[in-house]
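Spelled out from the first residue to the last, the chains are:
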Amino acid sequence: MFKRLPGDEARNLVSTTPDTAVVFRPAVVTTPAILTIVILIGRTFARLVRTAWRHPIAALVPTALGAAWYFYGWPLAAALAGTIVLALTSWAFLDRPSFARLVGYRLLAWWRLIWIYRRHWQPVMIVSGLGRHLRGRDYLPRLGKVTCTSWADLVTVRMLKGQAVKDWADRTDHLAQGFGAKSCRVAVSRAGWLTLIFPRSDPLASPLPALDIPEEPTVGPVEIGKGEDGRPWRLKVHGTHVLVAGATGAGKGSIIWSVIRSLLPAVSAGLVELWALDPKLMELSYGRDLFGDRYAATPEECADLLDEAVSVMQKRAARFAGLQRSHVPTIEDPFVLVVVDEVAFLTAYQTDRQLRQRISAALATLTTQGRAVGVGVLAALQDPRKEVMNVRNLFPDKIALRLDESEQVDMVLGDGARDRGALADHISPVPEQGAGVGYVRLETSPEPIRVRAAYVSDHDIRAMVDAFRGEAA
């Protein structure tokens, strides 16, 4: 009745169960052993060539030792190996940073590539859903280069065709657990390629003491903390506007006071003016003498001070028109930094509607026209929702400290920031561990950078007031 088919017999296609799909399994063709051996030898040779091309020094050393052993015997090979080990050990003791950069981290990267990532790559990709097992074949993202720094592993990956960055960002917990890391962050390196960041340690786990006040006056970028890569964190305040968002106790005061601390020599030189709006009467009032008569606390005083800043901006714009397009701080036209501690209190929680509209209009005017003429705004707030802060998109540079919800990260840093690794909602609420830690997204770079601001204590503020009292008057 049925014609015999290749593979399974025809009776295996018949089922008495209703609505059962017909399944046909094709015949399996046995591959000749000689062909399998040739393929394995070719792949092994290709891997050796690729290894020698990528790691010439690492490939040359064992080759040279083997050649010395073969031609001159094992004593010479042992002596040569001992010399190499002694030279590397001496280098490590005499100049550890250069040894770690040129040798240590490369060896660590090779070891972690072989023992951690390549060994577990297939099961982690399949279980996490980033790979596919279809018809007996695994389709996996391609594991690229592994680079080790002092605090993290940077793993480059080529995505499968049709995958999106969000597919990886949604599985960072799976990736961290699969490769034995505390966390994982995803960054786009180029089209089709990602960089997975697996921290081995947290260089920002300990609080940073207040930085020394600069000896020379400067308007920025000013050093206010440290980045995750160990380099100083310098924040641009002149020629931009900065928005700082974070929950209560997240460390907004650390950023504000670190910026003020770095600008004090320029204030003394007459190149910078600090204008402070302190509606909560808690943060900036502690160093009130640093601001002179440019300090406001009540909503009415804040509105008047903002109107005055707008007036200064408009007068400068009239004088600069047709003469210059960017501001250079001088004693006649100093850089004016308007510091607002809790901007939402003025723009959203103010009960006087006319006063609220007046303040919002002044802030919008300053953030849209001020930076070209040397008037900047540094604003801090707790609630980043649109109805609370309707001019947040007018701030080119944004900083997200610890936030309560994951959705708030994109509200502050822009769409997709959390998918690119800005996990501000995962920052520890313990002050010693998380206060001052945040993610920065600059106008010139869409990738968020993890940083920590130095902590300026009450004692440091009192010392600043004693040293620079009356300079702002």
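To be clear, the structure that these remarks concern was listed above.
Residues numbered from 1 in each chain as written. Predicted model: local features only at pLDDT ≥ 70, side-chain atom pairs only at ≥ 80, totals over all residues. Heavy atoms only, no water.

Visitor: I'd like to hear about the overall build of the chain, residue by residue, with values.
Guide: Counting its regular elements, the chain contains 13 helices and 16 strands. A compact globule built from 473 residues should have a C-alpha radius of gyration of about 23 Å, whereas the chain, at 31 Å, is more than 25% larger. Taking all 473 residues of the chain together, the buried fraction comes to 41%. Counted over contacts in the chain with a minimum sequence separation of 6, partners at least 24 positions apart contribute 64%. When the 56 basic and 48 acidic side-chain charges of the chain are each reduced to a single mean position, those positions are 14 Å apart. (Helix = DSSP H or I, 4+ residues; strand = E, 2+ residues; numbered from the N terminus. Rg over C-alpha atoms; globule rule 2.2 N^0.38 Å. Buried < 20%, exposed > 50% of the residue type's maximum accessible area, 1.4 Å probe, protein only. Contact = heavy atoms within 4.5 Å. Lys, Arg positive; Asp, Glu negative; His and termini not counted. Charge placed at Lys NZ, Arg CZ, Asp CG, Glu CD.)

Visitor: So what's going on with the pairing of strand E8 (residues 232-235)? Which residues, and what values?
Guide: Of the two faces of E8, only the one carrying Trp233 and Leu235 is buried; Pro232 and Arg234 on the other face are not. Two elements, strand E7 (residues 222-227) and E8, share 4 bridges in a ladder whose sense is antiparallel. When the sheet's bridge partners are listed, glycine 225 is paired in E8 with tryptophan 233. Hairpin connection from E7 to E8: 4 residues lie between these consecutive antiparallel strands, with glycine 230 at a positive phi of about 90 degrees. (Pairing = 2+ DSSP bridges.)

Visitor: Any details on the environment of valine 219? Residues and values, ideally.
Guide: The topology assignment puts valine 219 in the loop between strand E6 (193-199) and E7. With 234 residues separating them in the primary sequence, valine 219 and alanine 453 have C-alpha atoms 18 Å apart. Not counting residues up to four positions away in its chain, the partners in contact with valine 219 are Val237, His238, Leu263, Leu271, Val272 and Pro329.

Visitor: I'd like a rundown of the sheet that holds strand E10 (residues 272-277), residues and numbers included.
Guide: A sheet is described by the order of its strands in space; here 10 strands give the open sequence E8-E7-E16-E15-E14-E9-E13-E12-E10-E11, paired in mixed fashion. Edge positions in the open sheet fall to E8 and strand E11 (295-296), since each of these has one partner strand only. The sheet contact formed by strand E9 (residues 242-245) and strand E13 (residues 375-381) spans 4 bridges and is parallel. Considered in E13, the bridge of valine 244 is made with alanine 380. Its contacts with the sheet put helix H8 (residues 299-320) on E10, E11, strand E12 (335-340) and E13, and the angle it makes with E10 is roughly 150 degrees. (Axes fitted to C-alpha atoms, helices over the stretch in contact; angles between N-to-C directions.)

Visitor: Residue-level account of the sheet that holds E6, with values.
Guide: Pairing is antiparallel in the open sheet, where 4 strands are placed in the order E3-E4-E6-E5. The open sheet is flanked by strand E3 (142-148) and strand E5 (185-190), the only strands paired with a single partner. Averaged over all adjacent pairs, the angle separating strand axes in this sheet is 25 degrees, with direction ignored. Sheet topology places E5 next to E6; 5 bridges connect them, and they run antiparallel. Looking at the pairing, arginine 185 lines up with isoleucine 197 of E6. In this fold helix H4 (residues 96-128) packs onto E3, strand E4 (152-158) and E6, with an angle of close to 150 degrees to the strand it touches most, E3.

Visitor: Describe the packing of aromatic side chains, listing the residues and the values that go with them.
Guide: Inspection of every chain in the model, using the stated rule, returns 9 aromatic pairs. Seen from their ring centres, tryptophan 111 and tryptophan 115 are 5.6 Å apart, and the 10 degrees between their planes marks the pair as stacked. Residue tryptophan 111 and its partner tryptophan 115 are located together in helix H4, separated by 4 residues, close to a single helical turn. Its relative accessible area of 45% is what places tryptophan 111 among the partly exposed residues. A network of ring pairs unites the aromatic residues Tyr117, Trp121, Phe179 and Phe198 as a single cluster. (Phe/Tyr/Trp six-rings, centres within 6.5 Å; stacked < 30°, edge-to-face > 60°.)

Visitor: Give me empty space enclosed by the protein: which residues, what numbers.
Guide: Counted under the stated rule, the structure contains 1 cavity of 30 Å³ or more. By volume, the largest cavity is sized at about 40 Å³. In this structure, the largest cavity is lined by Leu211, Asp212, Ile213, Pro214, Glu223, Ile224, Ser258, Arg261, Ser262 and Ala454. For the lining of the largest cavity, the element with the most residues is helix H7 (residues 252-268), which contributes 3 residues. (1 Å grid on protein atoms, 1.4 Å probe; cavity = no way out; pocket = protein on both sides within 12 Å on 5 of 7 lines; lining within 4 Å. Points joined across faces, edges and corners; volume = space filled by probe spheres on them.)

Visitor: Account for the environment of arginine 200, with residues named and values stated.
Guide: Within the fold, arginine 200 resides in the loop between E6 and E7. Each C-alpha atom of the pair arginine 200 and threonine 368 lies 42 Å from the other, and the pair is 168 residues apart in sequence. Setting aside anything within four residues of it in sequence, one finds arginine 200 in contact with Leu108, Arg112, Cys148, Thr149, Ser150, Trp151, Ala152 and Asp153. A polar contact of 2.5 Å, which involves the side chain of arginine 200, links it to the backbone oxygen of threonine 149. (Polar contact = N/O pair within 3.5 Å; in protein donor to acceptor, adjacent residues only side chain to side chain.)

Visitor: Describe in detail unusual backbone geometry, supporting the description with residues and values.
Guide: Phi angles above zero are rare outside glycine, and leucine 281 is one such case at about 60 degrees. Structurally, leucine 281 can be placed in the loop between E10 and E11.

Visitor: Can you explain the packing of H7 against helix H13 (residues 458-468)? Please cite residues and give values.
Guide: At a closest axis distance of 11 Å, the pairing of H7 and H13 adopts a crossing angle of 10 degrees. Taken as axis vectors, H7 and H13 run roughly parallel relative to one another. Of H13, the residues touching H7 (which contributes Trp257, Ile260, Arg261, Leu264, Pro265 and Ser268) are Asp460, Ile461, Met464 and Phe468. (Parallel < 35°, antiparallel > 145°, perpendicular 65-115°, else oblique.)

Visitor: Now, about the pairing of E7: what can you tell me, with residues and values included?
Guide: Regular strands place their side chains on alternate faces of the sheet. Of the pairings in the sheet, the one linking E7 to strand E16 (residues 449-453) comprises 3 bridges and is antiparallel in character. If you follow glycine 227 over to E16, its bridge partner there is valine 451.

Visitor: Explain the pattern of salt bridges to me, using residue names and the numbers behind them.
Guide: This structure, assessed with the given rule, holds 16 salt bridges. Put simply, glutamate 228 and arginine 185 hold a salt bridge, and the shortest N to O gap is 2.4 Å. You can see glutamate 228 sitting in the loop between E7 and E8 and its partner arginine 185 sitting in strand E5, a full 43 residues away along the chain. For the pair glutamate 228 and arginine 185, a shared accessibility class is recorded, and that class is buried. With its nearest N and O atoms 3.0 Å apart, the salt bridge here joins glutamate 228 to arginine 450. (Salt bridge = Lys/Arg side-chain N within 4 Å of Asp/Glu carboxyl O.)

Visitor: Can you lay out the layout of surface pockets for me, pointing to particular residues and giving the numbers?
Guide: Roughly 1,700 Å³ of internal volume is contained in the largest pocket. Forming the walls of the largest pocket are 38 residues, and the residues nearest its centre are Thr51, Arg54, His55, Trp110 and Leu113. Elements represented by at least two residues in the lining of the largest pocket include exactly helix H1 (33-54), helix H2 (56-72), helix H3 (74-94), H4 and E3. When residues in the lining of the largest pocket are grouped by element, the largest group, 13 residues, is from H4.

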